[in-house]
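Summary of structural features
Next come the chains, spelled out residue by residue.
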Amino acid sequence: MFKKGEYVIYGNAGVCQIIDISTLNMHGAPKDKLYYILEPVNQNRSKVFSPVDNKKVVIRKLISKQDVETLISDIPNIKGLLVEDEKLREQVYKDCIKSCQCRKLLSLIKTIYQRKEERLNQGKKLSATDEKYFKLAQDNLHTELAMTLQIPVNQMESYILDKINK
């Protein structure tokens, strides 16, 4: 069980702070069930209510500083996703986001970045689906890494590039 005040990764919401752990005084909510009351760091005035025993949505601790440094140094070795059926592309993207795993988010980012380069070389733009999932993966990844390293999110991309290029 997590503690009040702790930062966690919660599904598509990304980094959230646990602002309370309590029962809900809402119509239809069981009176004897404990909930995490989460506040996503990227969504002002938003709250997420999740049962403490929720098995449907990933909730986990932020990765450690050591794991962040290892992950960043391994970026050149992380492979893009292999999507053989174009009709399944969005589902593969969704699955990566839902996994809440940094390596999968990086694979997704690499895949879409490579697609963008290929499409630009053909004189085409990136699809709205690709843009949507690229931004979501990048936002979720950068926010988690920035929180762990205690640096501003808007500096995360340059931090990663500096580390890779050394």
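Above this text is the structure in question.
Overview of the structure. Here the residue index of a chain counts from 1 through its sequence in written order. Local features in this predicted model are restricted to residues of pLDDT 70 or higher, and side-chain atom pairs are both shown and tallied only at a pLDDT of 80 or more, whereas totals for entire chains, interfaces and linings draw on every residue. Computation of side-chain values covers all heavy atoms of the structure but excludes hydrogens and water.

On to the nonpolar core. Nine residue types can take part in a nonpolar core, namely buried Ala, Val, Leu, Ile, Met, Phe, Trp, Tyr and Cys, and a core is a set of them joined through side-chain atoms within 4.5 Å. Partly exposed describes any residue whose relative accessible area lies between the buried limit of under 20% and the exposed limit of over 50%, with all areas from a 1.4 Å probe on protein chains only and scaled to the type maximum. Among the nonpolar cores identified, the biggest contains 24 residues, and Leu71, Leu108, Leu141, Leu145 and Met156 are the most heavily contacted of them. Secondary structure is summarised from DSSP: a helix means a run of H or I of at least four residues, a strand means a run of E of at least two, and numbering begins at the N terminus for each. Of all the elements in the fold, those that place two or more residues in this core are α1 (65–73), α2 (89–99), α3 (102–121), α4 (128–149) and α5 (156–164). Counting 9 residues, the second largest nonpolar core, distinct from the first, contains Ala13, Tyr36, Leu38 and Val48.

Time to look at α3. For α3, built from 20 residues, the straight-helix expectation of 28 Å at 1.5 Å per residue is met to within 8% by its first-to-last C-alpha distance of 29 Å. Buried residues along α3 sit against β5 (59–61), α1, α2 and α4. Positioned one or two residues after α3, Gly123 has a phi angle of 80 degrees, which is positive. By this rule, a helix spans an expected 1.5 Å times one less than how many residues it contains. Here, two residues are considered to be in contact whenever any of their heavy atoms come within 4.5 Å of each other.

For the rest of this paragraph, the subject is unusual backbone geometry. Look at Cys100: it is not a glycine, yet its phi comes out positive at around 60 degrees. As for its position among the elements, Cys100 is in the loop between α2 and α3. Residue Cys100 is classed as buried on the basis of its relative accessible area, which comes to 3%. Not every positive phi belongs to a glycine, and Gln150 is a case in point at roughly 60 degrees. In this fold, Gln150 is placed in the loop between α4 and α5.

Now for the pattern of salt bridges. What counts as a salt bridge is simple: a side-chain nitrogen of Lys or Arg found within 4 Å of a carboxyl oxygen of Asp or Glu. Per the stated rule, a full pass over the model turns up 10 salt bridges. Glu6 is the salt-bridge partner of Lys61, the closest N and O atoms lying 3.3 Å from each other. Pair noted here: Lys61 is in strand β5 and Glu6 is in the segment before β1 (7–10), with a separation of 55 residues, a long-range link. Classification of Lys61 as exposed rests on a relative accessible area of 54%. A salt bridge links Arg60 to Glu144; the shortest N-O distance between them is 2.8 Å. Of this pair, Arg60 sits in strand β5 while Glu144 sits in helix α4, and the two are 84 residues apart along the sequence. As far as the burial class goes, Arg60 and Glu144 line up, both buried.

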